[in-house]
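# Fold and contact review
Listed below, chain by chain, are the residues.
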Amino acid sequence: MEKKVKIIADSTCDLTDELFRKYDVDMIPLCIVMDEKSYYDRKEIMPDEIFKWADENKTTPKTAAISMEMAVETVKPYVEEGRDVVFFGISEDMSTTCNVMRLAAKELETDRVFVIDSRSLSTGIGLQVLKAAEMAEAGRTAKEIVTAIEGARDRVRASFVVDTLTYLARGGRCSSVTALLANTLKLKPRIVVKDGKMGVDKKYRGALDKVILKYTKDMEDELLNAEAARVFITHSGCDKAVVEQVRAYLESLGIFERVIETRAGGVISSHCGPGTLGVLFYVKEEG
């Protein structure tokens, strides 16, 4: 029996191609602008190409929401089949992507498109997408999925450690003086996504491998109270040994059924630069 609800997400959810296929989720790319030319994230350009361009030009690319054309093109076939669509977008405090999808639904003159503002980024979105996909597989309605996902958004834990503030400074997200000072002192901030916004809550100092493991262990209380289904290690290009160190620690907790590694896409990588790593998960519902 065909599922009644189709799940669609934007490219910032940072899921792997394998996960998109396994959970039958469609992806709509955001746009990355370099040299006044726009590229579709993950379809036309990948993070390593972005890093090379950024370092050569001493700046970061601009990023833009999903295109109206692709939003309509992706959703239209499902609407015409009489299926409901649940779309996940990056936090509305960071992008107009969710609104583009609402406009696409208006153009198609349909009430079958349900837009969820993830209030998150990267696999903080991916966690919600996979939960929704599992609910769709189980035959839940679009309204049931929206209610459940939105009711659990504040239980998503999305954070990451940045190796260098250079990229955030180039993109205007912190001052060049702050970046220079942090890089000189080898400070590596922990950036937390809360209520749809990014903020720094800790600053680590030292070699990246030690900082990343300390960052992960600092979350132990919440990790021990996490939902068991999955935890993500998402990074923008970290040494394999560092990633495996984090994986070994997470597996040693004996909590998670799956520890999933994913590579951050072009949008997240453009803003954070190489060497960024996050551990993302749901905490259990209280009571």
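These numbers were taken from a predicted model, which means no experiment stands behind them.

### Observations concerning the pattern of salt bridges
Tallied over the entire structure, the rule returns 23 salt bridges. Where E144 meets R140, a salt bridge forms, and the shortest distance between an N and an O atom there is 3.4 Å. Residue class for E144 comes out partly exposed when judged on its relative accessible area of 36%. Judged by its relative accessible area of 36%, R140 falls in the partly exposed class. Across the pair R190 and D201 runs a salt bridge, and its minimum N-O distance is 2.8 Å. Of this pair, R190 sits in strand β9 (residues 187-194) while D201 sits in strand β10 (residues 197-205), and the two are eleven residues apart along the sequence. On the accessibility criterion, R190 (12% relative accessible area) is buried. For D201, a relative accessible area of 43% puts it in the partly exposed group. Where salt bridges share partners, they join K240, E244, R247 and E261 into one cluster.

### Comments concerning helix α4 (residues 97-107)
Those residues of α4 not exposed but buried are T97, C98, V100, M101, A104 and A105. Viewed along the axis of α4, the buried residues span an arc of 160 degrees, placing them on a single side of the element. Relative to its buried face, α4 has exposed residues pointing more than 90 degrees away, namely K106 and E107. Elements in contact with the buried residues of α4: β1 (5-10), β2 (25-28), α3 (68-80), β6 (84-89) and β7 (113-117). Positive backbone phi, approximately 55 degrees, marks E109, located one or two places after α4.

### Thoughts on the sheet that holds β6
Read across the sheet, four strands follow the order β2-β1-β6-β7 without closing on themselves; strand pairing throughout is parallel. Taken across any chain shown, the strands that pair with only one partner, and hence form the sheet edges, are β2 and β7. In this sheet, adjacent strand axes meet at a mean angle of 25 degrees when their direction is disregarded. Strands in contact with α3 are β1, β2, β6 and β7; relative to β2, the strand with the most contacts, it is inclined by about 155 degrees. Contacts between α4 and the sheet are confined to β1, β2, β6 and β7, with β7 contributing the most and set at about 170 degrees to the helix.

Cut-off values and rules
Residues numbered from 1 in each chain as written. Predicted model: local features only at pLDDT ≥ 70, side-chain atom pairs only at ≥ 80, totals over all residues. Heavy atoms only, no water. Salt bridge = Lys/Arg side-chain N within 4 Å of Asp/Glu carboxyl O. Buried < 20%, exposed > 50% of the residue type's maximum accessible area, 1.4 Å probe, protein only. Helix = DSSP H or I, 4+ residues; strand = E, 2+ residues; numbered from the N terminus. Arc of directions from axis to C-beta. Contact = heavy atoms within 4.5 Å. Pairing = 2+ DSSP bridges. Axes fitted to C-alpha atoms, helices over the stretch in contact; angles between N-to-C directions.

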